[in-house]
Amino acid sequence: DKPAMRVLSTATGVRFGLFGEKPTTPAPTLFVFAAAIAEMDRQRIYSGAGEHLTRDGWLYVTLDPPCHGHSRLPEEPANLRGWAHRVKQGHDLIGPFVKRCRQVLDFLIAERYSDPARLAACGTSRGGFCAFHFAATEPRIRVVTAISPVTNLLALREFKGVEPRLVQDLNVANLAQKLGTRPLWLSIGDKDERVSTADCTNTARQLNGTALRRQAGKQATPVEIVIAPVDGHRAIPHAYKLAAQFIQQQMLRDKNFRNPSP
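Thresholds, definitions, all that
Residues numbered from 1 in each chain as written. Predicted model: local features only at pLDDT ≥ 70, side-chain atom pairs only at ≥ 80, totals over all residues. Heavy atoms only, no water. Helix = DSSP H or I, 4+ residues; strand = E, 2+ residues; numbered from the N terminus. Buried < 20%, exposed > 50% of the residue type's maximum accessible area, 1.4 Å probe, protein only. Contact = heavy atoms within 4.5 Å. 1 Å grid on protein atoms, 1.4 Å probe; cavity = no way out; pocket = protein on both sides within 12 Å on 5 of 7 lines; lining within 4 Å. Points joined across faces, edges and corners; volume = space filled by probe spheres on them. Nonpolar A, V, L, I, M, F, W, Y, C, P; charged D, E, K, R; others polar. Expected span 1.5 Å × (residues − 1). Arc of directions from axis to C-beta. Salt bridge = Lys/Arg side-chain N within 4 Å of Asp/Glu carboxyl O.

So, the environment of Phe132
Step number 1: Here Phe132 is to be found in helix H5 (residues 126-137).
Step number 2: The exposure class assigned to Phe132 is buried, which follows from its relative accessible area of 0%.
Step number 3: Sequence separation between Phe132 and Leu184 is 52 residues, and the spatial gap between their C-alpha atoms is 9.1 Å.
Step number 4: Once you skip the residues sitting within four places of it in the chain, Phe132 turns out to touch Val144, Ala146, Pro149, Val172, Leu175, Leu179, Leu184 and Leu186.

Some thoughts on the layout of surface pockets
Step number 1: Each pocket or cavity is described by its volume, and for the largest pocket that value is around 240 Å³.
Step number 2: As for the largest pocket, its lining consists of 13 residues, and the residues nearest its centre are Ala34, Tyr46, Thr124, Ser125 and His233.
Step number 3: Taken together, the residues of the lining of the largest pocket break down into six nonpolar, five polar and two charged.

Digging into helix H8 (residues 239-252)
Step number 1: The end-to-end C-alpha separation of H8 is 20 Å, in line with the 20 Å expected for 14 residues at 1.5 Å each.
Step number 2: Within the span of H8, buried status applies to Ala239, Tyr240, Ala243, Ala244, Phe246, Ile247, Gln250 and Met251. Projection of H8 onto a plane perpendicular to its axis shows the buried side chains occupying an angular sector of 160°, all on one side.
Step number 3: Looking at the buried side of H8, the elements it contacts are strand S3 (27-33), helix H2 (48-54), strand S5 (114-124), strand S6 (143-147), strand S7 (184-191) and strand S8 (223-231).

Remarks on the pattern of salt bridges
Step number 1: For the structure shown, the criterion picks out 12 salt bridges.
Step number 2: Asp41 is the salt-bridge partner of Arg44, the closest N and O atoms lying 3.0 Å from each other.
Step number 3: Residue classification places Arg44 among the buried positions, given a relative accessible area of 13%.
Step number 4: The partner of Lys191 in a salt bridge is Asp190, and the shortest N-O contact between them spans 3.2 Å.
Step number 5: Classification of Lys191 as partly exposed rests on a relative accessible area of 44%.
Step number 6: Asp190 sits in the partly exposed class, given a relative accessible area of 33%.
Step number 7: Overlapping salt bridges bring together Arg102, Asp106, Glu138 and Arg140 as one network.

What about helix H3 (residues 79-88)?
Step number 1: Of all the positions in H3, only Leu80, Gly82, Trp83, Ala84, Arg86 and Val87 are classed as buried.
Step number 2: Tucked into the core, H3 has its buried residues touching H5.
Step number 3: Following H3 by one or two positions, Gly90 adopts a phi angle in the positive range, close to 80°.

So, unusual backbone geometry
Step number 1: One non-glycine residue, Cys67, lies in positive phi territory at about 65°.
Step number 2: With respect to the helices and strands, the residue Cys67 is situated in the loop between strand S4 (59-62) and H3.
Step number 3: Although it is not a glycine, Ser125 sits at a positive phi angle of roughly 55°.
Step number 4: Secondary-structure assignment places Ser125 in the loop between S5 and H5.

Structure representation (structure tokens):
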């Protein structure tokens, strides 16, 4: 059975969707990102990794990405058009989002929902972009998985005509130092023109190169990418199950982790 979602708020007023009931002891917790909170309740495919993990006692939570749901400002377009609008206006696209995520994480730990030693993030498409940025600012996130992720904003049609200098620092490859040596898993279809298979592949290569250099002479934590024959912008077969399995495997290896540099 799929767990019910409840909308909760932190003391600072940050809304989030919680899937599952409060556990008797703090539980491993997955942050999942793809669409607005209400849409995540209706479109459960996006939280497929979380559903697989609940069988082993995990909770999972979601927040509105930038320009989605309650995070959309009155004067801006919705969704990815809103992302491009914020960038063109010189506004901070991702900073307020990751701040809200960290406030939710602090709340979940303080209220004993979540085990601070067992935290992960997973995102689909634009949600993958969000998951990487959250982890880059939050070293407590130990594993990141991304399904058909946005890695280069200029690959999106909504960003056509946007000056490269406005998005350069936001692209996922430039988060490599902040992501450190944490295990990362990406999947992409081999013909994904929406977010660009080539950009996703190149980003994974750069993330892996940085991780290997930082672990010179030591057992490497993985940066994995799975590419499968899929037409268009769709998840590869069994993507969410594979993402959940990767998270579980890395958590079992947790004794091998070092604290990632923020």
